[in-house]
Amino acid sequence: MNKVSPKSLLHSKWTKVNIENKEKHFVITEVEFDEDQRVTKCVIEAAMTHNEYEINWRELKEPKQWKVGWQ
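The structure presented is a predicted model; accordingly, all values stated were derived computationally and were not measured. (Residues numbered from 1 in each chain as written. Predicted model: local features only at pLDDT ≥ 70, side-chain atom pairs only at ≥ 80, totals over all residues. Heavy atoms only, no water.)

(A) Summary view of the environment of Asn51. Inspection of the secondary structure assignment puts Asn51 in the loop between strand 3 (39-46) and strand 4 (52-54). On the accessibility criterion, Asn51 (34% relative accessible area) is partly exposed. Between the alpha carbons of Asn51 and Val68 there is a distance of 19 Å; along the sequence they are 17 residues apart. Apart from residues lying up to four places away in sequence, Asn51 is in contact with Glu23, Ile44, Glu45 and Ala46. (Helix = DSSP H or I, 4+ residues; strand = E, 2+ residues; numbered from the N terminus. Buried < 20%, exposed > 50% of the residue type's maximum accessible area, 1.4 Å probe, protein only. Contact = heavy atoms within 4.5 Å.)

So this is what it looks like as C-alpha cells:
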C-alpha cells in the first residue's frame with residue numbers, strides 16, 4: 001500500500017500502472033479540505049495531455065493502480 005498523506009498531496013507526482021490514452025505521469029493540481037481537514041476534492045492532471053480528472057485520493061494508496069513519483 002502506498003503511503004499517502006492528505007497534507008502532502010498537492011503537487012505530488014504519480015505514475016499510473018495501467019496506462020490509458022497515453023497518460024502515464026500525473027500531478028495533483030488541486031486539493032480542497034473541509035473544516036475537519038478531510039479531503040473533499042482532489043484533482044489530478046496528466047503531464048503529457050494536461051487533461052484533468054477528479055479522483056478519490058484514497059485510490060492513490062492502491063499499488064496495483066498507482067506508483068509514487070514518476071517512474
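Now that the structure has been shown, we can carry on.
(B) Looking closely at unusual backbone geometry. Of note, Lys22 is a non-glycine position whose phi angle comes to about 60°, a positive value. Checked against the element boundaries, Lys22 lands in the loop between strand 1 (13-20) and strand 2 (23-33). Although it is not a glycine, His50 adopts a positive phi angle of roughly 65°. Along the polypeptide, His50 turns up in the loop between strand 3 and strand 4. Judged by relative accessible area, His50 falls into the exposed class, the value being 54%.

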